[in-house]
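# A structural walkthrough
The chain contents come next:
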2 protein chains.
Amino acid sequence: MTSQVWAASQEAKAGSGAPEGGPRWLDAEEQKAWRAWLYSAQLLMDRLDRDLTHQTGISHAYYEVLVALSEAPGRAMRMSELADRCLSSRSRLSHAVSRLEERGWVRRQVCESDGRGQLAVLTDDGFAALEAAAPIHVESVRTHLFDQLSPAQVAAMRNLGETLLRHLDGTAP
Amino acid sequence: MTSQVWAASQEAKAGSGAPEGGPRWLDAEEQKAWRAWLYSAQLLMDRLDRDLTHQTGISHAYYEVLVALSEAPGRAMRMSELADRCLSSRSRLSHAVSRLEERGWVRRQVCESDGRGQLAVLTDDGFAALEAAAPIHVESVRTHLFDQLSPAQVAAMRNLGETLLRHLDGTAP
DNA sequence: GTAGCGTAGTTGAAGGCTTGACTATTCCGC
DNA sequence: GCGGAATAGTCAAGCCTTCAACTACGCTAC
């Protein structure tokens, strides 16, 4: 679907007969797989984020923060730990928590065991907001993802995701 | 991995015996599949975008624009068409093209067949920038994606992506 | 031909994200 | 304890995206 141009470049290199490590261009099958994955992933994330944002006023990024906190013991987490859990930079999380604080859904608390650290704590209001948003989000995930897939496809999705995670987790951010 | 809380809510609803359409919560298997997919997709996109941005100074969003134009007849496309192809809003694309214009990689040209329209045209400099960036991007996609997957997994990835695309394309943005 | 409506694209303000610098605190070796 | 390195988190500047006007053109019908 893409990059006839780059396929052509590949031909040029191949024509030179050199076995040096020129670009390992994608073949037609790989192109199709890559495009399908990329487009579907972008569209799906976009869709889910839009649904959530428009119906609840909570972006997916903020939702992830609330979920992470709701599952943590005492509904509290260290800022860094929370950032890792949400695949967020520290800076981004710090901003996000500031905004959630303004909404009264999270509060900061100095960490007793480490004076440098801060705890982000989910408030009752925050928990209530999450409880209200969760059904809407789940329905959206069902509609756009699970309702479209067979059990075998769901298994393949998990397998694929876990395979990639094993690699990506071992890679420096 | 997530949402014991929401699972618990589900129990509560189920306990009431009512068959009304309460939230269709995810079961444990679905949770794992969903989390694996979401995390891997976010990490992978992040990784690819970072690699590309740091090594070439071109973000993935801009790269997509350049690729789309390079494949178009005459290396030119209508703005709206280009926006659709890049999964971008018109406004976003308009800003992006403005910045690519500043770099001298794209120029705008009024459309002859429709006075309202504009054509975005890839310049020779833009094409050269793309030719320089493409090998780096391809290598990144290989390293983080295809090198990690078996042929069967690649096939599953394509199947999954195409299935989701069929649904998402039919859905209003 | 011109009123009215839909389409194509741009613009500017508001807010989110990233980067890099900065402060404060803890850990470690001596 | 004490100096230096590492860690936790915040902050400010700049870029990117979104949203809501807004301009300009084309299409249709009267």
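Residues numbered from 1 in each chain as written. Chains lettered and ligands numbered in written order. Predicted model: local features only at pLDDT ≥ 70, side-chain atom pairs only at ≥ 80, totals over all residues.

## Some words on the overall build of chain A
If you tally the helices and strands in chain A, you get seven helices and three strands. When the helices and strands of chain A are placed in sequence order, the string is α-α-α-β-α-α-β-β-α-α. When the 173 residues of chain A are sorted by exposure, 30% land in the buried category. Counting only contacts in chain A whose residues sit at least 6 apart along the sequence, the fraction spanning at least 24 positions is 48%. (Helix = DSSP H or I, 4+ residues; strand = E, 2+ residues; numbered from the N terminus. Buried ≥ 20, exposed ≤ 12 C-beta atoms within 10 Å, placed from the backbone. Contact = placed C-beta atoms within 7 Å.)

## Section: the confidence of the model for chain A
Residue and element names in this part refer to chain A. When pLDDT is averaged along chain A, the result is 88; 87% of the residues meet or exceed 70. The secondary structure element of chain A with the lowest average pLDDT is helix α1 (residues 4-15), at 45, and the one with the highest is helix α3 (residues 60-71), at 96. The model gives residues 1-5 a pLDDT under 50, and that stretch makes 13 contacts with residues more than four places away or in other chains. Contacts from residues 7-16, a stretch scored under 50 in pLDDT, to residues over four places away or in other chains number four contacts. (pLDDT = per-residue confidence, 0-100.)

## Here's the deal with the protein's contact with DNA strand D
Every one of the 20 residues lining DNA strand D counts as a neighbour, but M79(A), S80(A), S94(A), S91(B) and G115(B) are closest to it. For the surface near DNA strand D, the secondary-structure elements that each account for two or more residues are α4 (79-85) and α5 (90-102) of chain A together with α5 (90-102) of chain B. Ranked by the residues each element gives to the surface near DNA strand D, the list is headed by α5(B), at five residues. Of the residues in the surface near DNA strand D, the class split is three nonpolar, nine polar and eight charged. (Near = placed C-beta within 6 Å. Nonpolar A, V, L, I, M, F, W, Y, C, P; charged D, E, K, R; others polar.)

## Quick word on the sheet that holds strand β2 (residues 106-110) of chain B
All names here are of chain B. Pairing within the open sheet is antiparallel, and its three strands lie in the order β1-β3-β2. The outermost strands of the open sheet, each flanked by one partner alone, are β1 (76-78) and β2. When strand polarity is set aside, the average angle formed by the axes of neighbouring strands in this sheet is 30 degrees. Alignment of β2 against strand β3 (residues 118-122), held across five bridges, turns out to be antiparallel. Considered in β3, the bridge of V110 is made with Q118. Across the sheet, helix α3 (residues 60-71) is in contact with β1, β2 and β3; its angle to β3 comes to roughly 95 degrees. (Pairing = 2+ DSSP bridges. Axes fitted to C-alpha atoms, helices over the stretch in contact; angles between N-to-C directions.)

## So, helix α6 (residues 124-144) of chain B
Residues and elements named next belong to chain B. Taking 1.5 Å as the rise per residue, α6 with 21 residues should run 30 Å; its terminal C-alpha atoms sit 30 Å apart, in good agreement. At A133, α6 is bent by approximately 30 degrees, the largest bend along its length, and proline P135 sits one to four residues beyond. Among all positions of α6, only G126, A129, L130, A134, H137, V138 and V141 are buried. (Expected span 1.5 Å × (residues − 1). Bend = angle between axes of the 7 residues up to and from the residue.)

## So, the environment of D84(A)
Residues and elements named next belong to chain A. Position of D84 among the secondary structure elements: in helix α4. Residue class for D84 comes out partly exposed when judged on the 15 C-beta atoms lying within 10 Å of it. D84 sits 62 residues away from G22 along the chain, and the two C-alpha atoms are 36 Å apart.

## What about the sheet that holds strand β1 (residues 76-78) of chain A?
Residues and elements named next belong to chain A. Overall, antiparallel pairing links the three strands, which are arranged β1-β3-β2 in an open sheet. Pairing within the sheet leaves two strands with one partner each, and these edge strands are β1 and β2 (106-110). The sheet shows a mean angle of 30 degrees between the axes of neighbouring strands, taken without regard to direction. Each of β1, β2 and β3 (118-122) touches α3; the most contacted strand, β3, lies at about 95 degrees to it. Lying on the sheet, α5 is in contact with β2 and β3; it crosses β2 at an angle near 115 degrees.

## Here we look at the protein's contact with DNA strand C
Near DNA strand C you find 22 residues, and of these S91(A), G115(A), S80(B), S91(B) and S94(B) are the closest. Elements with a contribution of two residues or more to the surface near DNA strand C: α5 of chain A together with α4 (79-85) and α5 of chain B. Considering only residue class, the surface near DNA strand C consists of three nonpolar, 11 polar and eight charged.

## A few points about the interface of chain B and chain A
Contacts between the two partners involve 50 residues from chain B, matched on the other side by 50 residues from chain A. Only α1 (4-15), α2 (28-56), α3, α6 and α7 (151-169) of chain B provide two or more residues apiece to the side of chain B that touches chain A.

## Brief notes about the relation of the copies chain B and chain A
Here chain B sits on chain A after a turn of 180 degrees about the axis and a move of 0.0 Å along it, with an RMSD of 0.1 Å. Within this description, the copies of the chain are treated as partners about a two-fold rotation axis. A symmetric contact is evident, with 100% of the interface residues of chain B recurring at the interface of chain A. (Least-squares fit on C-alpha atoms with pLDDT ≥ 70 in both.)

## Quick look at the packing of α3(B) against α6(B)
Residues and elements named next belong to chain B. At their nearest, the axes of α3 and α6 sit 10 Å apart, and the two run at 115 degrees to each other. In the packing of α3 onto α6, the handedness of the crossing is left-handed. Where α3 abuts α6, its residues Y63, L66, V67 and S70 lie against G126, F127, A129, L130, A133 and H137. Residues of the contact of α3 with α6, tallied by class, amount to seven nonpolar, three polar and no charged. (Left-handed = near helix turned anticlockwise from the far one by under 90°.)

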